[in-house]
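# Structure assessment
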Amino acid sequence: MVINPLRNQHGLQSLAQIFRTWWPVFAALIIIQVGNGLTSSLVSVSGEAAGLSPGLKGLILSAFYLGSVAGALTAPRLIGRASHVVSFLTFTSILAISTAGLALSDDPVLWITLRLIAGASLTGMFATVESWLNLGTSDTWRARVFSIYIFMQLGGLAAGQLALNARSFGNETLFLCAAALTLLAMALMRFERARSPKLDVTHHVAVWTLARRAPIGVLCVALAGFSWAGLMASGPALVEMMGFDDFYKSMILALTVTSGMLAQIPVGWMADHFDRRKVLAAMTAVAGASAIVAALVTGIESVFLFFIVFGGATFPLYAVGVACTNDDLVQSERTSASAAMIIFFELGAIIAPLMLAFATAFAGPKAYFIVQAFPQLLFMLAVVVALRRPQVPSL
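So, a few notes on the structure that sits alongside this text. Note that the structure is predicted; figures quoted are calculated from it, not measured.

How each quantity is defined
Residues numbered from 1 in each chain as written. Predicted model: local features only at pLDDT ≥ 70, side-chain atom pairs only at ≥ 80, totals over all residues. Heavy atoms only, no water. Helix = DSSP H or I, 4+ residues; strand = E, 2+ residues; numbered from the N terminus. Buried < 20%, exposed > 50% of the residue type's maximum accessible area, 1.4 Å probe, protein only. Salt bridge = Lys/Arg side-chain N within 4 Å of Asp/Glu carboxyl O. Axes fitted to C-alpha atoms, helices over the stretch in contact; angles between N-to-C directions. Parallel < 35°, antiparallel > 145°, perpendicular 65-115°, else oblique. Left-handed = near helix turned anticlockwise from the far one by under 90°. Nonpolar A, V, L, I, M, F, W, Y, C, P; charged D, E, K, R; others polar.

Each helix and strand counted, the protein has 15 helices and 2 strands in total. Residues classed as buried in the protein amount to 58% of the 395 residues present.

Right, here's the structure in full:
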């Protein structure tokens, strides 16, 4: 009999049981994200070092997130026809091939193509795991469970940033190492114990219908994508532009991801115990303020402080945004909504590298911080307006 390991008749069970059941999936996520973090930083730094035009750099960085939209749309269909495990292995194998292909040439057109494929495969894998988790998580635990999921991702990303110090071995070698890590993650599925949950009749939720029903949650997820891409895709290019060496680049990004990891669990707990909108307003206020300070104050200390504070304030946005959105959904809509959430995330992520590449090219590094601050503060104001209305009970 196919069972759902996260639920019994009383709802979600203990976090200890989640880890016992899901450790192969979580371990695979960490390993994949080590390779993804290394690959993303290498692509960003290499484009800046090669002196590519702002438009071409932005296209290479945004291609990954554009491909991610295709991955999010494909995942529900593959899950429905096969299973969560088969879908996970399919997307991960394509990711390994596209990562290894970056070692073949530094041609920008090839890199745009491969990053499109990598974005589709990685996001398809994420959509598969998120659907898996969403089908078995109660509303009262959802923010915490997704915070743990993001925590695992960020742990791998942090390690991937530190691997940037090994550039002396050559970019080609590091791309191949990242691909090998992805294959290792696939091997962990032989220990997988969390069977695919039974899929009841599902109802498709159109992307724009979801945006109308849960505007705060959807906007939050899109903002999370903008912030994430601004840090992880454009951040390495910024520190390259500012003249930092590889050690400082890796340390800045590793500290950014680490602060985001440390913030996941407490923010998830607060979002499950208080009005999620108030938590979001506080997070975006802190993020916007840190960016404004970094734009006004010069020096390496202010740059480090910005990345640490901004990462801690924005990396948990996705988990809280997903929880907000699912508050307005019924169970049969959540598989479709999982893919839609990733699409909104990727839309934000597509825009960020392009905006930041052009802004810094025309106005210098300080423009980076202004562009990051504006959507945070705008979203905070939108949430404050929404708080004047009573929160609608979840369905």
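That covers the picture; the talk isn't over yet.
Moving on: the pattern of salt bridges. On inspection of all chains with the given rule, the structure shows 2 salt bridges. Note that Arg276 and Asp272 form a salt bridge whose closest N and O atoms lie 3.0 Å from each other. Accessibility classification places Arg276 together with Asp272 in one group, the buried group. The shortest N-O distance in the salt bridge between Arg277 and Asp275 comes to 3.0 Å. Under the relative-accessibility criterion, Arg277 is labelled buried at 10%.

This paragraph deals with the packing of helix 11 (residues 276–296) against helix 15 (residues 366–386). Relative to each other, helix 11 and helix 15 sit at 155°, their axes nearing to 8 Å. One finds that helix 11 runs roughly antiparallel with respect to helix 15. Once helix 11 is placed against helix 15, the crossing between them reads as left-handed. Residues belonging to the contact of helix 11 with helix 15 are distributed by class as follows: 18 nonpolar, 4 polar and 2 charged.

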